[in-house]
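# Report on the structure
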Amino acid sequence: RAEVRARLGIPPDHRILLYVGRLAREKNLGFLFDACTLAFAEDPSLRLWLVGDGPARLETAALVRKAGIGDRVHFVGEVARSEVDLYYAAADLFVFSSISETQGLVVQEAHTYGLPAVVVGGGGASAGVEHGENGFVVRLEAREFADHVLDLVRDEALYARLSEGAVRLVRRYGSEAVADRVAAV
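Residues numbered from 1 in each chain as written. Predicted model: local features only at pLDDT ≥ 70, side-chain atom pairs only at ≥ 80, totals over all residues. Heavy atoms only, no water.

## Considerations on the overall build of the chain
Cut-off, in case you're wondering: Counting from the N terminus, the helices are the DSSP runs of H or I reaching at least four residues and the strands are the DSSP runs of E reaching at least two. Between the two quantities, the radius of gyration covers C-alpha atoms and the globule rule is 2.2 Å times the number of residues to the power 0.38. When accessible area is computed with a 1.4 Å probe and restricted to protein chains, residues below 20% of their type maximum are described as buried, those above 50% as exposed, and intermediate ones as partly exposed. Two residues qualify as a contact provided that any one of their heavy atoms is within 4.5 Å of a heavy atom in the partner residue. Residue-level accessible areas treat just the shown protein chains as cover; the underlying method is Shrake-Rupley with a 1.4 Å probe. Neither His nor the chain termini are counted; the positive set is Lys and Arg, and the negative set is Asp and Glu. One atom stands in for each charge, and that atom is NZ of Lys, CZ of Arg, CG of Asp or CD of Glu.
Counting secondary structure elements, the chain contains eight helices and six strands. Taken from N to C terminus, the helices and strands of the chain fall in the order α-β-α-β-α-β-α-β-α-β-β-α-α-α. Taken over the C-alpha trace, the chain has a radius of gyration of 16 Å; the compact-globule value for 185 residues is 16 Å, and the two agree within 12%. Expressed along its principal axes, the backbone C-alpha trace of the chain runs to roughly 50 × 35 × 35 Å. The burial tally for the chain puts 52% of its 185 residues in the buried class. Taking the contacts inside the chain whose residues are at least 6 apart along the sequence as the reference set, 66% of them involve residues at least 24 apart. With an accessible surface of roughly 9,000 Å², the chain has 53% of that area assigned to carbon and sulfur atoms. Positive and negative side-chain charges of the chain, numbering 21 and 26 respectively, have mean locations separated by a distance of 2 Å.

Pasting the structure below:
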């Protein structure tokens, strides 16, 4: 992890909140920026890294500037699939605000790296998060989202427990577990 963080130029004192996905209106990124603005005000170590690109890139960058958090948000852009794992390995926490997902594959990918997730309930992404076990599922309320992010970065024991839960619970989505469930049907 330290090696990957150094390779990506992440200072040791920064806590990285990671979003992986398209930059599009349906991803609800304005909400994520509102929540991050609240969390950033309370913890100067927090940074948000966005891995991905999309049709709302310019609009998204404008929202970040308008919120006054441009110095704490890093637009990584589109990266090769083989490189995405570096960002999961380097991050501290996965954040996802979309409520239009049918599946939450990026959340499951984050869990394989032991990243707890804070997600908004209501979409497929929240289906893979067991509240208090491998992350938190929150209402579409920026203060609640920010508070759960802050809880995880401030409470090492809670973070460790949810990180272990992420790795343990994601196994049920592995190819062997899925094949067993299909065979049972």
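From this point, the narrative continues.
## Some remarks on the layout of surface pockets
What counts here: Grid points spaced at 1 Å over the protein atoms alone were grouped into cavities, where a 1.4 Å probe fits but cannot get out, and pockets, open sets with protein on both sides within 12 Å along at least five of seven lines, with lining residues defined by an atom within 4 Å of a point. Grid points are joined across faces, edges and corners, and a volume is the space filled by probe spheres set on the points. Gly falls in the polar group here, along with every residue not listed as nonpolar (Ala, Val, Leu, Ile, Met, Phe, Trp, Tyr, Cys, Pro) or charged (Asp, Glu, Lys, Arg).
Considering only enclosed or pocket space, the largest pocket measures out at about 190 Å³ in volume. For the largest pocket, the lining is made up of 14 residues, of which Val20, Gly21, Val51, Arg81 and Val84 are closest to its centre. When grouped by side-chain class, the residues that make up the lining of the largest pocket number seven nonpolar, three polar and four charged.

## Digging into the environment of Gly123
For Gly123, the position within the fold is in the loop between β5 (117-120) and β6 (135-138). On a C-alpha basis, the gap between Gly123 and Ser97 in space is 9.2 Å, while along the polypeptide they are 26 residues apart. In this view, Gly123 contacts Ile99 and Glu101; residues no more than four positions away in its chain are not counted.

## Looking at unusual backbone geometry
At Asn28, a residue that is not glycine, the phi angle is positive and equals roughly 65 degrees. Among the structural elements, Asn28 can be located in the loop between β1 (15-20) and α2 (29-42).

## A few points about the sheet that holds β5
Selection rule: Two strands make a pair as long as DSSP finds a minimum of two bridges between them. Lines fitted to C-alpha atoms define the axes here, with helix axes fitted over just the stretch in contact, and angles between the N-to-C directions of these axes take values from 0 to 180 degrees.
Overall, parallel pairing links the six strands, which are arranged β3-β2-β1-β4-β5-β6 in an open sheet. Each having just a single partner strand, β3 (73-77) and β6 make up the two edges of the open sheet. Direction aside, neighbouring strands of the sheet carry axes that sit 20 degrees apart on average. Inspection of the sheet shows β5 paired to β6 by four bridges, in the parallel sense. Counted as the bridge partner of Val120 is Val138 from β6.

## Concerning the pattern of salt bridges
For clarity, the threshold we go by: The rule for a salt bridge is simple: a side-chain nitrogen of Lys or Arg has to be within 4 Å of a carboxyl oxygen of Asp or Glu.
Taken as a whole and judged by the stated rule, the model has 14 salt bridges. Here Arg81 ties to Asp85 by a salt bridge, and the two come within 3.9 Å at their closest N and O atoms. Of this pair, Arg81 and Asp85 both sit in helix α4 (residues 81-90), separated by four residues, roughly a single helical turn. The exposure class assigned to Arg81 is partly exposed, which follows from its relative accessible area of 46%. Taken together, the shared-partner salt bridges in this structure form one network comprising Arg1, Arg5, Arg15 and Asp92.

## Concerning the nonpolar core
Short version of the rule: Only buried Ala, Val, Leu, Ile, Met, Phe, Trp, Tyr and Cys residues count toward a nonpolar core, and they belong to the same one when joined by side-chain atoms within 4.5 Å.
Core analysis: the largest hydrophobic core is formed by 59 residues, its most contacted members being Leu48, Phe94 and Phe145. Looking at this core element by element, the count peaks at eight residues for α2. Beyond its immediate chain neighbours, meaning those up to four positions away, Phe145 contacts Phe31, Leu32, Ala35, Val95, Phe96, Val118, Val119, Val120 and Val138.

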